[in-house]
Amino acid sequence: MTLIHKPLNRRSILKAGTAGGVALATPTIFTSSAWSAPYLNEPTGAEVTLGFNVPQTGAYADEGADELRAYQLAVKHLNGEGDGGMLNTFSSKALGGNGVNGKKVAFVTGDTQTKSDAARASAKRMIEKDGAIMITGGSSSGVAIAVQSLCQEAGVIFMAGLTHSNDTTGKDRRANGFRHFFNTEMTGAALAPVLKNAMGTDRKAYHLTADYTWGWSQEGSIKKYTEALGWDTVAAVRTPLGAGDFSQYLTPVLNSGADVLILNHYGKDMVNSLTQAVQFGLRDKMVNGKKFEIVVPLFSRLMAQGAGDAIKGIFGSTNWHWSLQDEGSKAFVKSFGQEYGFPPSQAAQTCYAQTILYADAAQRAGTFEPCAVAAALEGYDFDGLGNGPTHYRAADHQCFKDVLVVKGKENPSSQFDLLEVVEITPRAQVEYAPDMEDVKGDLGTCNNGA
Amino acid sequence: MTLLDNQFEGRQAPGAKPVKPQGGAPAFFSAWDLHAYYGESYIVQGVNFDIREGEILALLGRNGAGKTSTLRTIARMDNPHLTHGEIWLDHKPLHSMKSHEAARNGVGLVPEDRRIIPGLTVQENLELSQIAPPIGWTIERIYDHFPRLAERRSQEAVTLSGGEQQMLALARILARDVKLLLLDEPYEGLAPVIVQEIERILEGVKELGITTIIVEQNAIAALHLADRAVILDMGEVVFDGTAQEVLDNADLRQEYLAI
Amino acid sequence: MDEILLQFLNGLDKGGAYALIALGLTLIFGTLGVVNFAHGALFMLGAFCAVSFNLLLSLQKVTVDPTKTTAWGTPLEVRTPYVEAYLGDFGHWILNYSVPVSILLAIPVMLLIGFAMERGLIKHFYTRPHADQILVTFGLAIVLQEIVKSIYGANPIPQVAPDVVSGAADIGAMLGLGAGVIVYPWWRMVYLLFSLVVIAIVFAFLQFTTFGMVVRAGMADRETVGLLGINIERRFTIVFAIAAVVAGLAGVMYTPILPPDYHMGMDFLVLSFVVVVVGGMGSLTGAVSAGFLLGILQSFASMNEVKAIFPGIDQIIIYLVAVVILLVRPRGLMGRKGVMEN
């Protein structure tokens, strides 16, 4: 069939091209998944690819490494290898240990370097080149929000890793994004009553805050809840991220009249500011007739290891801890511990849980189509993943579960046993309405990326 | 003031007139076809001359003729950069050496502006000059002949007067065993009274029989001290003869020296 | 008033670190004519000497206790440090004093590293333009950083000061101002004293030894030193090694103040260069004075009262001063005339 008629001009080529194109496309109209909505990176072979985007370099590389270990363990369990871990204790039995929707789970990894640009670039690469159908991971709220927005634009699901700022499921929430880890609002609600019991209601607080989205979020939440108790906020000072030497910020605290220091710092910042605060004798001070206290609202076992002796007696909150005695936690600790030789961190637990939850939702929906998976996660109630009964709220894609209030142990029995759980705050106490001032946002509609 | 002692063994006795070597033996000092650049600027454009042992050569010319550059090239400093030519001193090839090697082989440059090292005392400046061999006079000996320096031995050297600094610069070189003394504008910036003092010192140095090249804007003074004269113009040699010839020839002086 | 005194002390001890690093930088620039962007890495390596020493001492004997198990079902391992097992109380004492004792390890290690760096890399760049020197030393700094990260991990590894100086001194009480008013950590004051001692030793070495005299002469006028027959390049290796030791010692003693991590070199490098620029490239007294001056300025700028007038001033004050100096007096406060001015 001669498609090209003389004379050769633009119109004739266009005509020929269109005719050729229709001819070439005809077969695919009949073999594609015409019976469901088309979506990006639909797995056509025997495998489905997940993208694990974690900080492999940069200040949070150690947390990223733990996240990666958890992801790899989850993939093993999904594919039926190992001892099954929390799949055995999970309330949903949709997964059979033979992959998801009949496909073996494979994965690719990316390095966020704890920077938003690098994170977006590596997520983009995993979606476009490696065909990842879901992206997960990260240890910084700035990074999580950036990657979540990219996944929304591209049309894949984003299962957040460790991100604590309200904004991730608050003002920056997205229909393709889901967070299991708790937020600063829940930390504030859980910590406040414990602080009231331990320190009373007549306290003057001084905040040192890391100057970026997560710092501001936590400072705001803690202020809100402590002021409601009757505490006075003497000052809230911003410190540059990665400051290193906090002595110049700590000296004003000494004579400010404050008797509680709240460190809204994470990672390296927290290790430094807490150690230096203790060096300045803040723990031994008496102010206003009361013992001076230090609170670190969010910290992890890894950071506690970094802070050494300084963490003893310090109050904080975490999403999970390996000493919990419910079946899910014990199974996970056993599985992870036997695989790697040390217990999992809270970052590991949330990442493992997110992977299982995604796989389970896809299995229940019978497809990997983002909108269908999202619908399966929205409003979902589950248990057995280490936090007790948990609800994945539809309005903002945030998990609601019990929150742990922890304290640095005075006499650790081993190098891992640094925190003790002083209170498990029940879920009902930390719930809030999705349109509350600090956390409201527009979810938008899900995107299949077709 | 006379400097009588001479410990330079194996050389001609002080005060004796140098004898021209027979049979075309190589001169004590030879500069053959030197070409040197300051960066892109072509400064020394083919300079040749020989000096016999013990002779004093006055290197003259107008400003910018290339006199200081020639001295610095002979002293093997980093700039100007020697691109072509050979320099021989007492059968040693200087052209392949760096400045410190040349100094160890007998070259002693007293730079324009003296270059007394700041932060060091007079004593330290002298000690510095005796760290590398070959060593010449002892420091005590130097103090004997330069009592003004002895008085100021613990003083910061840069606080000395112009004339005293010039004395120190010369003393530094005498503290080393120098075969070729290069004097770059020794009288520059000095009051006439001081100039006379330095002149007397240089006459004493002359009696030691050290081969010398003197560059000096004050051509007449240099010519009175020197045996021979070489005049440079635009980086090239335009006259090579005795100092007396230049002193006698007013036209020559007018043309190339504007005096 | 007490706030001001406290910030002054802060500035002094931070300034001590800056001064030590800037001292080495200026020595290298003034003598070798090399801009050494790997100098911060030397500070970091010194800190990791302390870390390694401590790790070595803490090497533990692992015995398996069959009667107890971990939370994940494997038999519990009981760990005792060898040093305590074999040396008892003395071993315990050494562990406690590991930071100052690690100076004994740091000096030879840093000498070796300085020697290797200079002979292996720096000497090929003496005559190259400064831009080349910056590129290659910066590259080296990154390589060293990554090596440390791959061995020790990315997290900071805190070191403790010896118990006797790990608390805070009640300076207020000493000055008669009342107890608990001005409290300052002992170790930071130890650090300030230490940095002053090291600076004094370096200056004494330069002032009273022949080698030091040659170095001073070479820094002041390299050309003339060559005219006197001295091959200054032969001294470069030793000068570089000395500068490396100074930076390393600054790092060792700083570990109880700031838990060391692989990136700390870079954090101090930029500041140290600013210090050297302000003090004057090639001036040792300038480097030391500017180090303390900028440390104090930075501390004062982070007082809340000051920040209320100029928000954010604490982060930019040092760079502001550098910009002003570069515009008004490019040679630095005590720099040699003509350096950086054309």
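What counts as what
Residues numbered from 1 in each chain as written. Chains lettered and ligands numbered in written order. Predicted model: local features only at pLDDT ≥ 70, side-chain atom pairs only at ≥ 80, totals over all residues. Heavy atoms only, no water. UniProt positions renumbered as here; feature names shortened; annotations may be inferred. Helix = DSSP H or I, 4+ residues; strand = E, 2+ residues; numbered from the N terminus. Buried < 20%, exposed > 50% of the residue type's maximum accessible area, 1.4 Å probe, protein only. Areas by Shrake-Rupley, 256 points an atom, 1.4 Å probe, with all protein chains shown as cover. Core = buried A, V, L, I, M, F, W, Y, C linked by side-chain atoms within 4.5 Å. Domains from an automatic or database assignment. Contact = heavy atoms within 4.5 Å. Buried area = accessible area lost by both parts, 1.4 Å probe. Salt bridge = Lys/Arg side-chain N within 4 Å of Asp/Glu carboxyl O. Polar contact = N/O pair within 3.5 Å; in protein donor to acceptor, adjacent residues only side chain to side chain. Nonpolar A, V, L, I, M, F, W, Y, C, P; charged D, E, K, R; others polar. 1 Å grid on protein atoms, 1.4 Å probe; cavity = no way out; pocket = protein on both sides within 12 Å on 5 of 7 lines; lining within 4 Å. Points joined across faces, edges and corners; volume = space filled by probe spheres on them. Phe/Tyr/Trp six-rings, centres within 6.5 Å; stacked < 30°, edge-to-face > 60°. Lys NZ or Arg CZ within 6 Å of the ring centre and 35° of its normal.

In the annotation of an unreviewed UniProt entry, the entry for chain B reads ABC transporter ATP-binding protein, and the organism field reads Roseibium aggregatum. In the Sequence similarities (unreviewed entry) part of its UniProt record, chain B is described as follows: "Belongs to the ABC transporter superfamily."

With an unreviewed UniProt entry as reference, chain A is termed Substrate-binding protein, source organism Roseibium aggregatum. In its Sequence similarities (unreviewed entry) section, the UniProt record describing chain A reads: "Belongs to the leucine-binding protein family."

*Asks:* What's the story with the overall build of chain B in this structure? I'm lost.
*Replies:* Helices and strands together make up the secondary structure of chain B, namely 10 helices and 10 strands. Counting only residues that meet the buried cut, chain B has 52% of its 259 residues in that class. Summed over its atoms, the accessible surface of chain B is roughly 11200 Å², and 49% of this surface lies on carbon and sulfur atoms.

*Asks:* Honestly, the nonpolar core in this entry has me stumped. Any pointers?
*Replies:* The nonpolar side chains of soluble globular proteins are, as a tendency, buried together. All names here are of chain A. If you look at the biggest cluster of nonpolar residues, it comprises 121 residues, and the most contacted ones within it are Leu261, Leu274, Ile294, Phe299, Ile356, Tyr358 and Tyr392. Of all the elements, helix α11 (residues 346-365) adds the most residues to this core, at 11 residues. Built from parts of two domains, this core gets at least three residues from each of domain 1 (47-182 + 322-401) and domain 2 (185-318). The residues touching Leu261, leaving out its near neighbours within four places in the chain, are Tyr206, Leu208, Leu250, Val253, Ala277, Leu282, Phe292, Glu293, Ile294 and Val295.

*Asks:* Got a minute to help me understand the interface of chain C and chain B in this structure?
*Replies:* Buried accessible area, meaning the area lost when the parts come together, often serves as the stated size of an interface. With 18 residues of chain C at the interface, the matching set in chain B holds 23 residues. The contact between chain C and chain B buries some 1900 Å² in all, and 63% of this surface belongs to carbon and sulfur atoms. Salt-bridge contacts for C:Glu223 lead to B:Arg115; the nearest nitrogen and oxygen are separated by 3.0 Å. Inspection of the region where chain C meets chain B yields nine residue pairs in polar contact (both at pLDDT 80 or more). Among the elements of the structure, α8 (210-220) and α9 (222-227) of chain C are those that each provide at least two residues to the side of chain C that touches chain B. The class makeup of the residues in the side of chain C that touches chain B is eight nonpolar, six polar and four charged.

*Asks:* Please clarify how the layout of surface pockets should be interpreted in this entry.
*Replies:* Any empty space left between atoms is shown by rolling a water-sized probe over those atoms. The volume enclosed by the second largest pocket comes to roughly 1200 Å³. Lining the second largest pocket are 45 residues, and of these A:Leu241, A:Gly242, A:Ala243, A:Lys268 and C:Asp267 lie nearest its centre. Going through the elements one at a time, α7 (247-254) and α8 (267-279) of chain A together with α1 (2-32), α5 (130-152), α11 (264-279) and α14 (313-328) of chain C are the ones with two or more residues in the lining of the second largest pocket. Here the lining of the second largest pocket takes six residues from α14(C), the largest share from any one element.

*Asks:* Just checking my understanding: could you explain the environment of C:Leu297 for this structure?
*Replies:* By the secondary structure assignment, C:Leu297 is in helix α12 (residues 284-301). Between the C-alpha atom of C:Leu297 and that of C:Phe8, which follows or precedes it by 289 residues, the distance is 8.7 Å.

*Asks:* It is not clear to me how the packing of aromatic side chains should be interpreted in this structure. Could you clarify?
*Replies:* Geometrically, a pair of aromatic rings is defined through the distance of the ring centres and the angle of the planes. Going through the model one piece at a time under the given rule, you end up with 31 aromatic pairs over all chains. Aromatic side chains C:Trp93 and C:Tyr97 sit 4.7 Å apart centroid to centroid with 20° between the ring planes, which places their arrangement in the stacked category. Each residue in the set A:Trp320, A:Phe332, A:Phe336, A:Tyr340, A:Phe342 and A:Tyr352 is aromatic and connected to the rest through ring pairs, giving one cluster. Lying across the ring of A:Tyr380, A:Arg364 places its NZ or CZ 3.6 Å from the centre. The lysine or arginine in question, B:Arg141, covers the ring of B:Trp137, its NZ or CZ lying 4.3 Å from the ring centre.

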